[in-house]
Amino acid sequence: MQLQCPMPKLDFDIITLGHGSGGLLTNKLLDSGVFHLFDNEQLQQRHDGAILELKGKTAFSTDSFVISPIFFPDSNIGELAVNGTVNDLAMCGAVPKYLSLSFILEEGLEMTDFWEILVSIKWAAEQAGVQIVTGDTKVVEKGKGDKIFINTSGVGQVHDNAKISLEHVRPGDKIIVSDSIATHGVAIMSVREGLEFETTIKSDTRCLNHTVTALLDNFGEDIHLLKDPTRGGLATVLNEIARDGNLGVDLNQKHLPIQKEVSALCELLGLDPLYVANEGIFMAVVKAEIAEKVVDKLRKIEHCSNAAIIGEVVENHINQVVITSAIGGKRVVSMLIGEQLPRIC
Amino acid sequence: MHWGNWPIIKLQKEMKFLSEYRDADLAKKYLDEIRATVTQPWNIMEVCGGQTHSLVKNGIMTLLPDEVQMIHGPGCPVCVTPLNLIDKAIYLAEEKDVILCSFGDMLRVPGSKKSLLQTKAAGADIRILYSPLEAVQLASENPDREVVFFAVGFETTAPANALSIDKADDLGLTNYSILASQVLVPPAMEAVIEDEESKIDAFLAAGHVCTIMGMEEYYPLVAHYKIPMVVTGFEPVDLLQGILLTVQQLEKGEALLQNQYSRVVKPEGNRKAQELLHKIFEVTDREWRGIGNIPKSGFELRSKYASFDANLKFSIDIPKVEEPKECIAGLVLKGIKKPMECSQFGKKCTPQNPMGAPMVSSEGACAAYYHFSGAIETIS
């Protein structure tokens, strides 16, 4: 991520309770550059909410971000907060248009950190082509938060060709991932307190809406389902498909794209990459006949060079996801129970 | 007594690189050989939970011929830690000044009333660590807090626990202690063999335990009980090669100690680690969850280091509780019953709501079967 935007001169260097009071300090904070940073017609109104014009079917989604640490290799919570909601809208087959942006700040947050996050939000919004049209800032006492929590909500216009629903998924459909799995989750783990691995693994968080639009332009209703396998990883979304769709899912270990370094770190930490969170990839369930073409198309798009068909929707073992291991054995990939905990040995 | 003169069979083709141990063609070759060799049913126990995990993860049981039954042994540290000790850890974690440190997968194991994970959610300061040395660092950074490390595990984790005591002693720390439940593999294997109902024909011995302790302590078991043992690694090809060597011995009526994992395991083990263990710990009787007391089956701190023993440092006043009567964990851990033969399996007892420890960890026999057996009827 690249965007340099110097912080304006301020007469405070940390966030205090007053910055969330709605009074003078709040105005000072907003006028310090927040409004300027995200400047658009809606924000200029400085009204209680935004009045929007949308045509046709509208998708609406929301997401909250409570990640620790708030800065991680090559990205931070701000970029994640924009991409999260943008990508949720994209998974509905929508073109994201407008976002709301709400902060819950913990007293004592360094203004330089907050500014860096704001700049990332601006950059991410520009990349995704969305406007931030309304927002809110609250401050909680020290110890009652974890530096910064962000909520974003968004609306987008559903693509004319989109017919994305679990109802359209059929046995025989192919399952595709748009790029290597588990990268984001492992990047975060590698900088968690107490681990601090020397790795070059970077978070792959990015907006996926332009890629999704390209697929819908080309393949329309043959794209049956889109999911971004964030928390709980690929295993969780596949289990949801199997359970909610009354279908079976077959996966092939050999075809799962994963960076060597990510795979090595997962083994070291005792984590199964199928359960590790992703941010910059999506999973598509598509009609078998177009699967190869979808993969070819994806591989030509930046950050999708490792796109692959990883499995198939099947009629047998209903409600279960079954993976064929590299040596040909089979096992059930179940839902993650609670948090994935590192093993003793 | 020195046992070094016993024959160690060196495998002709040692495999050196990790990828080779996951090679599908090589795996098939070993599977074909197992099929060609086996003529009658055999029960083979893989001792270590790591091996169980790999067998399940790679779907190896779906590939083996019906004659070869794998029985998941007691080598899952999470599974054999007594209920009472988990209650003690919870009690300590709830003490105001205590930071309780633990390996991750101990957190979900249910105590008599709740788990460490629930205790953490209720506000206790419980930290998931990867090494006990991090706990020593925490102790030196927090002189006004008591740091307790929940030292669970086999011979593989014991050296790191010993190192943490050695380090804390060097640093003169008075606020570091361990709540120890360190257990030893060979006495547990003997307890399994000695059980009248035991059906075990052979063992895959735990590769990483032997990396530390060497192979010497297994020769008497092999000789006395005439039971084949193959020290085996953890990759799919390791396991298949270990199973093949075991089946070959069984079919020939032999009982030898072989080392499949010779790229890592030296017959004498890791002398440096052993010296450290000897310096800090002495062998003691231990309670094993599901199995009961096994003589000389664990480590405890030598009296010189007694000040680092959380059991002595804190007065832990909790009642001793009994395991749920319906849980047959002990029979499962000894390979006498299969998890599916338990009346509660998959009903009252599931990984979401485990009654006994083998259902908690992914290395536990019951959890392994739970995930695997759901598919066994439908996977062809």
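Computed from a predicted structure; not experimentally measured.

J.: Sorry if this is basic, but what is going on with the overall build of chain B here?
T.: Check the secondary structure of chain B and you find 15 helices and 11 strands. Dimensions of chain B along its principal axes, counting C-alpha atoms only, are 65 × 50 × 40 Å. Here chain B holds 380 residues, and the buried ones make up 59% of them. For chain B, restricting intrachain contacts to residue pairs at least 6 apart in sequence, the fraction spanning at least 24 positions comes to 78%. As displayed, chain B offers around 15900 Å² of accessible surface, 51% of which is attributable to carbon and sulfur atoms. Separation of charge centres in chain B, based on 38 positive and 49 negative side chains, amounts to 2 Å.

J.: I tried to follow the sheet that holds strand S5 (residues 131–140) of chain A on my own but got confused; where do I start?
T.: Either a parallel or an antiparallel arrangement is found when strands of a sheet pair, and the pairing is made through backbone hydrogen bonds. Residues and elements named next belong to chain A. Taken in spatial order, the 4 strands line up as S1-S6-S4-S5 in an open sheet, and their pairing is mixed. In the strand order of this sheet, the two ends are held by strand S1 (58–65) and S5, each with one partner. Averaged over all pairs of adjacent strands, the angle between their axes in this sheet comes to 15°, without regard to strand direction. Relative to the sheet, helix H4 (residues 111–128) contacts strand S4 (94–106), S5 and strand S6 (148–158), its axis offset from that of S4 by approximately 175°.

J.: Help me understand the domain arrangement of chain A, please; the structure alone is not making it clear to me.
T.: Note on interface size: it is often stated as the accessible area lost on association of the parts. Residues and elements named next belong to chain A. Under the domain assignment used here, chain A contains domain 1 (17–158) and domain 2 (166–332). Taken over C-alpha atoms, the centre of domain 1 sits 28 Å from the centre of domain 2. Residue-level contacts link 20 residues of domain 1 with 22 residues of domain 2. Buried area between domain 1 and domain 2, summed over both chains or domains, comes out near 1700 Å², and the portion from carbon and sulfur atoms is 62%. Per-residue buried area on domain 1 facing domain 2 is highest for Pro73, Asn87 and Met91; these three make up 34% of the total on that side. Where domain 1 meets domain 2, there are 0 salt bridges.

J.: Help me understand the environment of Gln131 of chain A, please; the structure alone is not making it clear to me.
T.: Residue and element names in this part refer to chain A. By the secondary structure assignment, Gln131 is in strand S5. For Gln131, a relative accessible area of 36% puts it in the partly exposed group. In this structure the C-alpha to C-alpha distance between Gln131 and Leu54, which are 77 residues apart in sequence, comes to 13 Å.

The rules behind the values
Residues numbered from 1 in each chain as written. Chains lettered and ligands numbered in written order. Predicted model: local features only at pLDDT ≥ 70, side-chain atom pairs only at ≥ 80, totals over all residues. Heavy atoms only, no water. Helix = DSSP H or I, 4+ residues; strand = E, 2+ residues; numbered from the N terminus. Buried < 20%, exposed > 50% of the residue type's maximum accessible area, 1.4 Å probe, protein only. Contact = heavy atoms within 4.5 Å. Areas by Shrake-Rupley, 256 points an atom, 1.4 Å probe, with all protein chains shown as cover. Lys, Arg positive; Asp, Glu negative; His and termini not counted. Charge placed at Lys NZ, Arg CZ, Asp CG, Glu CD. Pairing = 2+ DSSP bridges. Axes fitted to C-alpha atoms, helices over the stretch in contact; angles between N-to-C directions. Domains from an automatic or database assignment. Buried area = accessible area lost by both parts, 1.4 Å probe. Salt bridge = Lys/Arg side-chain N within 4 Å of Asp/Glu carboxyl O.

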